[in-house]
Amino acid sequence: MESKIILELFALFCIGFIGALTPGPDILFTLRNTLNYGAKAGFLSLFGIFLGWISFLSLVYFGLTHLLNGVLIQGILNAIGGIYLCYIAYLLLKPKPIKSKRAQDSKIPLTQPTQAAQSLYRLILKGYLLNLSNPKAILFFGLIITPFTQHHLTLSLSVLLSSLLSAFVLVIVLAVFFRKFVKDSLFDRIDKICGIVFLCFGFFLFLASYRNFINL
């Protein structure tokens, strides 16, 4: 029995790890901030996303996933998520002042301590809102965890969370290593690519919201 549980948890870890590495808003947000501003910004972005995971997994743990399953609620959440993703895409795609985007010593280039603190907190908030902007994530967590809920839900949630964190930390470490080889001219392209991806996800959420509303 113990060997069966270990195999199940290992499979859960692999699914979560691979799923986290699949291109999406969360991983691209973390990768982009790490490449642009360094490890500190990457981990702050991850912390915000981590809070989003905790919110979703709390719903799974307490059996409250049905709260987001209503057609009307899904439509509203999809619309809100689409608006936020399009807003982030706009910030990334709009023209920027001509200057080097690489920050010195892994810091966001702000001169005032108060401004720097506010900018760092904004990364956490943006990461959190970005993770919550896709209400379909609750389905991912719910479907993944369903086979493991009968006897060891807490352990399964811990393993899943560990797999997600491991994947994101790996991306941050790799981004910190490779950012020294990235030329300043590529940072704008990175922003454009992330902006286009966010725009596509936003459009997908708008489409899902439309389908929810017409099915009311």
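**Q** Could you clarify how one ought to interpret the overall build of the chain in this entry?
**A** Helices and strands together make up the secondary structure of the chain, namely 8 helices and 0 strands. Each helix (α) and strand (β) of the chain, taken in turn from the N terminus, gives the series α-α-α-α-α-α-α-α. By residue count, 41% of the 216 residues in the chain fall in the buried class. Long-range contacts, defined as pairs at least 24 residues apart, comprise 88% of the intrachain contacts of the chain with a sequence gap of at least 6. Surface summary for the chain: the accessible area is close to 12,200 Å², and the carbon and sulfur share equals 71%.

**Q** What am I meant to see in the side chain of Asn131 here?
**A** With respect to the helices and strands, Asn131 occurs in helix α5 (residues 113-132). A relative accessible area of 4% means that Asn131 is categorised as buried. In this structure Asn131 touches Asp26, Ile49, Gly52, Trp53 and Phe56, once residues within four positions along its chain are discounted.

**Q** Even after reading the chapter, I still don't get the packing of helix α1 (residues 2-21) against helix α7 (residues 153-178), so can you show me in this structure?
**A** Each pair of packed helices gets described by two things: the angle between the helix axes and the distance between those axes. Look at α1 against α7: their axes get within 8 Å of each other, and the N-to-C directions meet at 40°. Once α1 is placed against α7, the crossing between them reads as right-handed. Contacts from Leu9, Leu12, Phe13, Gly16, Phe17, Ala20 and Leu21 in α1 reach Leu155, Ser156, Val159, Leu160, Ser162, Ser163, Leu164, Ser166, Ala167, Phe168, Leu170 and Val171 in α7. Taken together, the residues that form the contact of α1 with α7 break down as 14 nonpolar, 5 polar and no charged.

**Q** Sorry, what's going on with the packing of helix α2 (residues 25-37) against α7 here?
**A** Remark: α2 packs on α7, axes separated minimally by 9 Å, with the N-to-C direction vectors making an angle of 30°. What the angle tells us is that α2 and α7 run roughly parallel. In the crossing of α2 with α7, the sense of the turn from one axis to the other is right-handed. Facing Asp26, Ile27, Thr30, Leu31, Thr34 and Leu35 of α2, the residues of α7 in contact are Phe168, Val171, Ile172, Ala175 and Val176. Here the residues of the contact of α2 with α7 sort into 8 nonpolar, 2 polar and 1 charged.

**Q** When you look at a nonpolar patch on the surface in this model, what are you seeing that I'm missing?
**A** A surface patch of nonpolar side chains, about 570 Å² in accessible area, is lined by Leu21, Leu170, Leu174, Phe177, Phe178 and Phe181. Judged by its relative accessible area of 43%, Phe177 falls in the partly exposed class.

**Q** Would you mind going over helix α3 (residues 39-61) with me for this structure?
**A** The α-helix winds at 3.6 residues per turn, so residues separated by three or four positions along the chain end up facing the same way. Taking 1.5 Å per residue as the helical rise, α3 with its 23 residues ought to reach 33 Å, and the 31 Å between its terminal C-alpha atoms agrees with that figure. Two residues or fewer past α3, Gly63 is found with a positive phi of approximately 65°.

**Q** Got a minute to help me understand helix α8 (residues 185-214) in this structure?
**A** Relative to the 44 Å expected for 30 residues at 1.5 Å per residue, α8 spans 45 Å between its end C-alpha atoms, a close match to the ideal helical length. Looking only at α8, the buried set comprises Phe187, Ile190, Asp191, Cys194, Gly195, Phe198, Gly202, Leu205, Ala208, Ser209 and Asn212.

**Q** Quick question: what am I supposed to make of the environment of His152 here?
**A** Positionally, His152 belongs in the loop between α6 (137-145) and α7. You can call His152 buried: its relative accessible area is 12%.

**Q** Would you mind going over the packing of aromatic side chains with me for this structure?
**A** Ring pairs (aromatic) are described by centroid distance and by the angle formed between their planes. Inspection of every chain in the model, using the stated rule, returns 5 aromatic pairs. Where Phe13 meets Phe17, the ring centres are 6.2 Å apart and the plane angle is 15°; that geometry is what we call stacked. Here Phe13 pairs with Phe17, and both are found in helix α1, just 4 residues apart, close to one helical turn. Given the relative accessible area of 21%, Phe17 is considered partly exposed.

**Q** Whenever I open this one, the nonpolar core confuses me. Can you help?
**A** Considering soluble globular proteins, one finds that nonpolar side chains tend to be buried as a cluster. With 45 residues, the main nonpolar core has Trp53, Phe141, Phe168 and Phe198 as its most contacted residues. At the level of secondary structure, the elements contributing two or more residues to this core comprise α1, α2, α3, α4 (71-93), α5, α6, α7 and α8. Considering every element that reaches this core, the biggest residue donor is α7, with 11 residues.

The rules behind the values
Residue numbering note: each chain is counted from 1, following its sequence as written. Thresholds applied to this predicted model are a pLDDT of at least 70 for local features of residues and 80 or more for the giving and counting of side-chain atom pairs; totals over whole chains, interfaces and linings are not thresholded and use all residues. Side-chain calculation: all heavy atoms of the structure are included, whereas hydrogens and water are not. Secondary structure elements follow DSSP: runs of H or I of four or more residues count as helices, runs of E of two or more count as strands, with numbering from the N terminus. Think of it in three bands: residues with accessible area under 20% of the maximum for their type are buried, residues over 50% are exposed, and the middle band is partly exposed, with areas taken using a 1.4 Å probe on protein chains only. We call two residues contacting when some pair of their heavy atoms lies within 4.5 Å. Each accessible area is a Shrake-Rupley result for a 1.4 Å probe, and residues are judged covered by the shown protein chains and nothing else. The axes used here are C-alpha line fits, helices contributing only the stretch in contact, and every angle between their N-to-C directions lies in the interval 0 to 180 degrees. By definition, any crossing whose near helix is turned counterclockwise from its far helix by less than a right angle is left-handed, and any crossing with a clockwise turn is right-handed. Note on residue categories: nonpolar means Ala, Val, Leu, Ile, Met, Phe, Trp, Tyr, Cys or Pro, charged means Asp, Glu, Lys or Arg, and polar means any other residue, Gly included. We call two directions roughly parallel when the angle between them is under 35 degrees, roughly antiparallel when it is over 145, roughly perpendicular when it lies between 65 and 115, and oblique otherwise. A patch is a set of surface residues, each over 30% in relative accessible area and not in a salt bridge, joined within 9 Å for like charges and within 5 Å for the nonpolar side chains Val, Leu, Ile, Met, Phe, Trp and Tyr. The term salt bridge refers to a pairing of a side-chain nitrogen on Lys or Arg with a carboxyl oxygen on Asp or Glu at a separation within 4 Å. One less than the residue count of a helix, multiplied by 1.5 Å, gives the span that helix is expected to have. Centres within 6.5 Å are what make two rings of Phe, Tyr or Trp a pair, Trp counting through its six-membered ring; a difference in plane orientation under 30 degrees is then read as stacked, over 60 as edge-to-face, and the rest as tilted. Take the buried residues of types Ala, Val, Leu, Ile, Met, Phe, Trp, Tyr and Cys, join any two whose side-chain atoms come within 4.5 Å, and each joined set is a nonpolar core.

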